[in-house]
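Take a look at the letters that make up each chain.
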Amino acid sequence: LGADYVRVFVVLGGDFFPAPDGSQQDPWRDASIPWRDPNFATWMGLTTDHIYDTYGLKVHWTLIGGRAQVPIRADQEAVAQMWLDVHRSRLTKVELVEVWNEYSVNNGTTEELRHIARYLRDRLPPGFPVTLSSPVIAHQAAPVADVWREIDKMYGGDSGANTFTYHASRPEPVWGPGSDWGPVVRSLAKRNSEPRGPGASAGGDVTNP
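Quick caveat, the model's predicted, so the values are computed rather than measured.

## A few points about the overall build of the protein chain
Stage number 1. For the protein chain, the helix and strand inventory stands at four helices and eight strands.
Stage number 2. Along the protein chain, helices (α) and strands (β) appear in the sequence β-β-β-α-β-α-β-α-β-α-β-β when read from the amino end.
Stage number 3. Taken against the 2.2 N^0.38 rule, which gives 17 Å for 209 residues, the C-alpha radius of gyration of the protein chain at 17 Å falls within 12% of a compact globule.
Stage number 4. Counting only C-alpha atoms, the protein chain reaches 45 × 45 × 40 Å along its principal axes.
Stage number 5. Taken across its 209 residues, the protein chain has 49% of its residues classed as buried.
Stage number 6. Counting only carbon and sulfur atoms, one obtains 55% of the accessible surface of the protein chain, whose full area is about 10200 Å².

Structure, rendered in structure tokens:
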């Protein structure tokens, strides 16, 4: 496959978005498990073990894919703590931990991103890769100043993050691997965590795995 790592979401389901027929639908209804399921932590650990032990690939864990199941800080901290408890003995199998998938699309706030990132950082070994989310305005091929402004609001100061994750612009990669994402994250490690590929909303280029 030539993959670098596997990205997996912890919390999904319960959020509704406009469907092509005009109705409101939960796109993850049939592809998610409630995180309060008593077996959830066990399954999460087995997922990391299976991916790493079978295929030799680390896991990029994204804690929150949508807000519906974690509407308040206590819920968000509980998910972060569950992930920490499961992975303390598995950190060598983890590529990085990300707080929220496309936070502004999925009803998160920069304050929540930064709080959970600091919560994780304070409980992980020094230097372990922690990231917040992708700057959503970059998906719109926005002007440089606007993208840098969003990134500064997310990652500026003590954000808790030491790694920067981004998703390439849709449909053309105006913001992508070759972009200057600005001084706030220039020195951080970077991951193009939703790249172009077959069927991807970022475009169908398959020349670079």
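## Structural notes on helix 2 (residues 73-87)
Residues lying three or four places apart along an α-helix face the same way, a consequence of the helix completing one turn every 3.6 residues.
Stage number 1. With 15 residues, helix 2 should cover 21 Å at 1.5 Å per step; its first-to-last C-alpha distance of 21 Å lies within 8% of that length.
Stage number 2. Among all positions of helix 2, only D75, Q76, V79, A80, Q81, M82, W83, L84, V86 and H87 are buried.
Stage number 3. Packing partners of the buried residues in helix 2 comprise strand 1 (6-11), helix 1 (40-55), strand 4 (59-64), strand 5 (94-100) and helix 3 (110-121).

## Thoughts on the packing of aromatic side chains
Here a ring pair, both rings aromatic, is described through the centre-centre distance and the interplanar angle of the planes.
Stage number 1. This model, assessed by the stated rule, comprises six aromatic pairs.
Stage number 2. Relative to W181, the ring of W175 has its centre 5.0 Å away and its plane inclined at 45°; by these criteria the two rings are tilted. There is no split in this pair, since W175 and W181 are both buried.
Stage number 3. What links up through ring pairs into an aromatic cluster is the set Y155, F164, Y166, W175 and W181.
Stage number 4. Here R123 stacks its cationic end above the ring of Y119, 3.6 Å away from the centre of that ring.

## Quick notes on the sheet that holds strand 4
Stage number 1. Taken in spatial order, the four strands of this open sheet run 1-4-5-6, and their pairing is parallel. Each edge of the open sheet carries a strand with a single partner, namely strand 1 and strand 6 (130-131).
Stage number 2. Pairing geometry for strand 1 and strand 4, over five bridges, is parallel. Across the sheet, residue V6 finds its bridge partner in strand 4, namely V59.
Stage number 3. Docked against the sheet, helix 3 engages strand 4, strand 5 and strand 6, running at close to 145° with respect to strand 5.

## With respect to helix 3
Stage number 1. For helix 3, which comprises 12 residues, the first-to-last C-alpha distance of 16 Å matches the rise-based estimate of 16 Å (1.5 Å per residue) to within 8%.
Stage number 2. Among the 12 residues in helix 3, nine count as buried, and that is most of the element.
Stage number 3. Buried residues of helix 3: T110, E112, L113, R114, H115, I116, A117, Y119 and L120, and no others.
Stage number 4. Buried residues along helix 3 sit in contact with strand 4, helix 2, strand 5, strand 6 and helix 4 (144-155).

## Points about a nonpolar patch on the surface
Stage number 1. A cluster of nonpolar side chains, I33, W43 and L46, forms an exposed patch at the surface whose accessible area comes to about 280 Å².
Stage number 2. Tracing the backbone shows W43 in helix 1.
Stage number 3. Of the residues examined, W43 reaches a relative accessible area of 36% and is grouped as partly exposed.

## Some thoughts on the side chain of T110
Stage number 1. Along the chain, the position of T110 falls in helix 3.
Stage number 2. Sequence-distant contacts of T110, that is, excluding residues within four places in its chain, are made with Y103, K153 and M154.

## Some details on the nonpolar core
Stage number 1. Counting residues in hydrophobic clusters, the biggest one holds 48 residues, and the most contacted among them are V10, L63, W83, L120, L124, Y155 and W181.
Stage number 2. Among the elements that take part in this core, helix 2 stands out by supplying six residues, more than any other.

Reading the values: rules and limits
Residues numbered from 1 in each chain as written. Predicted model: local features only at pLDDT ≥ 70, side-chain atom pairs only at ≥ 80, totals over all residues. Heavy atoms only, no water. Helix = DSSP H or I, 4+ residues; strand = E, 2+ residues; numbered from the N terminus. Rg over C-alpha atoms; globule rule 2.2 N^0.38 Å. Buried < 20%, exposed > 50% of the residue type's maximum accessible area, 1.4 Å probe, protein only. Areas by Shrake-Rupley, 256 points an atom, 1.4 Å probe, with all protein chains shown as cover. Expected span 1.5 Å × (residues − 1). Contact = heavy atoms within 4.5 Å. Phe/Tyr/Trp six-rings, centres within 6.5 Å; stacked < 30°, edge-to-face > 60°. Lys NZ or Arg CZ within 6 Å of the ring centre and 35° of its normal. Pairing = 2+ DSSP bridges. Axes fitted to C-alpha atoms, helices over the stretch in contact; angles between N-to-C directions. Patch = residues over 30% accessible without salt bridge, like charges linked within 9 Å, V, L, I, M, F, W, Y side chains within 5 Å. Salt bridge = Lys/Arg side-chain N within 4 Å of Asp/Glu carboxyl O. Core = buried A, V, L, I, M, F, W, Y, C linked by side-chain atoms within 4.5 Å.

Geometric values such as these leave the question of function open.
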